[in-house]
Amino acid sequence: HPNTTSQSDGIICLSSVADERIIPLPQGALPQNKRRTLKNIDSGSGEPKRKKSKKQQKDTTTLKQEHAISEGLKDAVNELLSNYVPSSHLKKPFYCRVCQHQSNSESDFLSHKQSEFHKGAVQQEKKRTYCKLCRKQLTSIVQMEEHLKSR
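Below or above, wherever it landed, is the structure these notes cover. Keep in mind the model is a prediction, meaning the values are calculated, not measured.

Another aspect to go through is the packing of helix 2 (residues 106-114) against helix 3 (residues 116-128). With their axes 5 Å apart at the nearest point, helix 2 and helix 3 run at an angle of 60° to one another. With respect to helix 3, the element helix 2 is oriented oblique. Taking contact as the criterion, the partners of His112, Lys113 and Gln114 in helix 2 are, on helix 3, Glu116, Phe117, His118 and Lys119. Classifying every residue of the contact of helix 2 with helix 3 gives 1 nonpolar, 3 polar and 3 charged.

It is worth spelling out the environment of Ser107 at this point. Here Ser107 is to be found in helix 2. Owing to a relative accessible area of 56%, Ser107 belongs among the exposed residues under this scheme. Note: C-alpha distance between Ser107 and Phe94 (13 residues apart in sequence) is 9.8 Å.

Below, the discussion takes up the pattern of salt bridges. The final tally for this structure, using the stated rule, is 2 salt bridges. Among the salt bridges present, the one from Glu125 reaches Arg97, with a minimum N-O distance of 2.8 Å. A residue pair is termed long-range when its members are at least 10 positions apart, and Glu125 in helix 3 and Arg97 in the loop between strand 3 (94-96) and strand 4 (101-103) qualify at 28 residues. Among the residues examined, Arg97 registers a relative accessible area of 46% and is labelled partly exposed. The residue Glu146 makes a salt bridge to Lys149 at a minimum N-O spacing of 3.9 Å. On the criterion of helical spacing, the pair formed by Glu146 and Lys149 is a turn pair, its members being 3 residues apart in helix 4 (residues 141-149).

What follows covers unusual backbone geometry. Of all residues except glycine, most have a negative phi; of all peptide bonds, most are trans. Of note, Gln100 is a non-glycine position whose phi angle comes to about 55°, a positive value. Take Gln100: it is sitting in the loop between strand 3 and strand 4. Backbone geometry places Arg135, a non-glycine residue, at a positive phi of 60°. Among the structural elements, Arg135 can be located in the loop between strand 5 (130-131) and strand 6 (136-137). A residue is classified by how much of its surface remains accessible, and Arg135, at 69% relative accessible area, is exposed.

A separate point is the packing of aromatic side chains. Applying the stated criterion across every chain, the model contains 1 aromatic pair. An angle of 20° between the planes, with centres 5.6 Å apart, marks the rings of Phe94 and Phe109 as stacked. Here Phe94, found in strand 3, pairs with Phe109, found in helix 2; they are 15 residues apart in sequence, far enough to count as distant.

The rules we used
- Residues numbered from 1 in each chain as written.
- Predicted model: local features only at pLDDT ≥ 70, side-chain atom pairs only at ≥ 80, totals over all residues.
- Heavy atoms only, no water.
- Axes fitted to C-alpha atoms, helices over the stretch in contact; angles between N-to-C directions.
- Helix = DSSP H or I, 4+ residues; strand = E, 2+ residues; numbered from the N terminus.
- Parallel < 35°, antiparallel > 145°, perpendicular 65-115°, else oblique.
- Contact = heavy atoms within 4.5 Å.
- Nonpolar A, V, L, I, M, F, W, Y, C, P; charged D, E, K, R; others polar.
- Buried < 20%, exposed > 50% of the residue type's maximum accessible area, 1.4 Å probe, protein only.
- Salt bridge = Lys/Arg side-chain N within 4 Å of Asp/Glu carboxyl O.
- Phe/Tyr/Trp six-rings, centres within 6.5 Å; stacked < 30°, edge-to-face > 60°.

In structure tokens form, the structure reads like this:
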């Protein structure tokens, strides 16, 4: 039947094997459709539950003991840190990284930033921290040295 025409849809089939059918594979040869779960979406833990081996059961006991130790350590650390005051809350002197200038008051520090010495130091640092090859402005001389080592 090389030139068969299907009158219902007007398609001409030129294949000599058009009427041949491939027999279906047996059920055992087909892939098994196992239900897969998405982590943290389908189930609470994200992992399918499996039976624990004896080693895993021992590990659970060890973890509980370690957790008890870590709770004790946590309590000790909390006690030590109960009087802790972050350094950001302390009124430390003002410091200029570029000039290594230290001031005890904000007004003194701001006047330093307006000085010609500071402005010149900032301008020099910008020149020394600019990579002409990459056309990148780095933030410090140390960063520039690291950048040059990486090339």
